[in-house]
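# Close look at the chain arrangement
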Amino acid sequence: MKRVLITGMSGTGKTSVIRELLARGNQAHDLDTAEWSHWVAAAPGDDLTPGQGEDWVWQLDKVEALLSRPTPGPLFVSGCAENMPGVLHLFDAVVLLSAPLPTILARLAARTGSGYGHTEEERRKVAELIGTIEPLLRQSADFEIDTRQPVQATVDALLRFIELR
């Protein structure tokens, strides 16, 4: 069984990739949902968290249990959380989704409802995090995909990479 983490900053297309993987019959989970994540108090002085004084992090016990289950094929999970280094050792591959900042900001601005990145303040935080966090994600990634292409092409590239591993 291959366990693959699809990570990247807000607006890179993680959720869209998971939806496309599911549509193609793959096992896939978005860890940035209430099923797998929860709010915790943010570190003092951390003003880049998604909530005022709160951070959205993975429920590591649930994520570890998910990654420990046997599956007949690859298991894809997506997300990006401050505490994800605690489970990186459980993945066979880490794939970073990225896009230029103007592309990401345009995607975030187009989000409707309460999707993160919809407000100008949230987009400011994302832009700052791209400068500080994305380089760290790149260091732990085995493969990077530029998501300016259609989501189907992104998933095709992801699946080709996994077949080669």
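Just so you know, these numbers come straight off a predicted model, no measurement behind them.

So, on to the packing of aromatic side chains. Summed over the entire model, instances satisfying the criterion amount to two aromatic pairs. When the ring of Trp 39 is compared with that of Trp 56, the centres are 5.0 Å apart and the planes differ by 55°; the resulting orientation is tilted. Taken together, the residues Trp 39 in strand S3 (residues 37-41) and Trp 56 in strand S4 (residues 54-58) connect sequence positions 17 residues apart. You can call Trp 39 partly exposed: its relative accessible area is 41%.

Right, let's talk about helix H2 (residues 60-68) for a bit. Inspection of H2 places Val 63, Leu 66 and Leu 67 among the buried residues, and these make up the whole buried set. Buried residues of H2, viewed axially, fall in a sector of 95°; they line one side. Turned more than 90 degrees away from the buried face of H2, the exposed residues are Asp 61 and Ser 68. Of the surrounding elements, those touching the buried residues of H2 are strand S1 (3-7), strand S2 (27-30), S4 and strand S5 (75-78).

Glancing now at the sheet that holds strand S6 (residues 93-98). The strand order across the open sheet built from five strands is S2-S5-S1-S6-S7, with neighbouring strands paired in parallel fashion. With one partner strand each, in any of the chains shown, S2 and strand S7 (143-146) form the two edges of the open sheet. The mean angle between the axes of side-by-side strands here comes to 20°, regardless of whether they run parallel or antiparallel. As defined by bridge partners, S6 adjoins S7 across four bridges and the pair is classed as parallel. Residue pairing for S7: Ser 98 is matched across the bridge by Asp 146. Packed onto the sheet, helix H6 (residues 151-164) meets S1, S5, S6 and S7 and runs at close to 165° relative to S7.

Thresholds applied
Here the residue numbering is sequential within each chain, running from 1 through the sequence in written order. Residues qualify for local features only when their pLDDT is at least 70, as the model is predicted, and side-chain atom pairs are given and counted only at 80 or more; totals for whole chains, interfaces and linings, by contrast, use all residues. Water and hydrogen atoms were dropped before computing side-chain values, which therefore reflect all heavy atoms in the structure. Ring pairs are drawn from Phe, Tyr and Trp, using the six-membered ring of Trp, whenever the two centres fall within 6.5 Å, and their geometry is named by plane angle: stacked under 30 degrees, edge-to-face over 60, tilted for the rest. Think of it this way: any DSSP run of H or I at least four residues long counts as a helix, any run of E at least two long counts as a strand, and we number them from the N terminus. Throughout, exposure labels follow a simple rule: accessible area from a 1.4 Å probe, protein chains only, divided by the maximum for the residue type, with under 20% read as buried, over 50% as exposed, and the rest as partly exposed. By arc we mean the arc of the directions from the helix axis to the C-beta atoms, nothing more. Note on definitions: a residue-residue contact is assigned when non-hydrogen atoms from the two residues lie within 4.5 Å. Only strands joined by at least two bridges in the DSSP assignment are considered to pair. Whenever a helix is involved, its axis is fitted only over the stretch in contact; in every case the axis is a line through C-alpha atoms, and angles between N-to-C directions fall within 0 to 180 degrees.

Take it as geometry only, folks, not as evidence of what the structure does.
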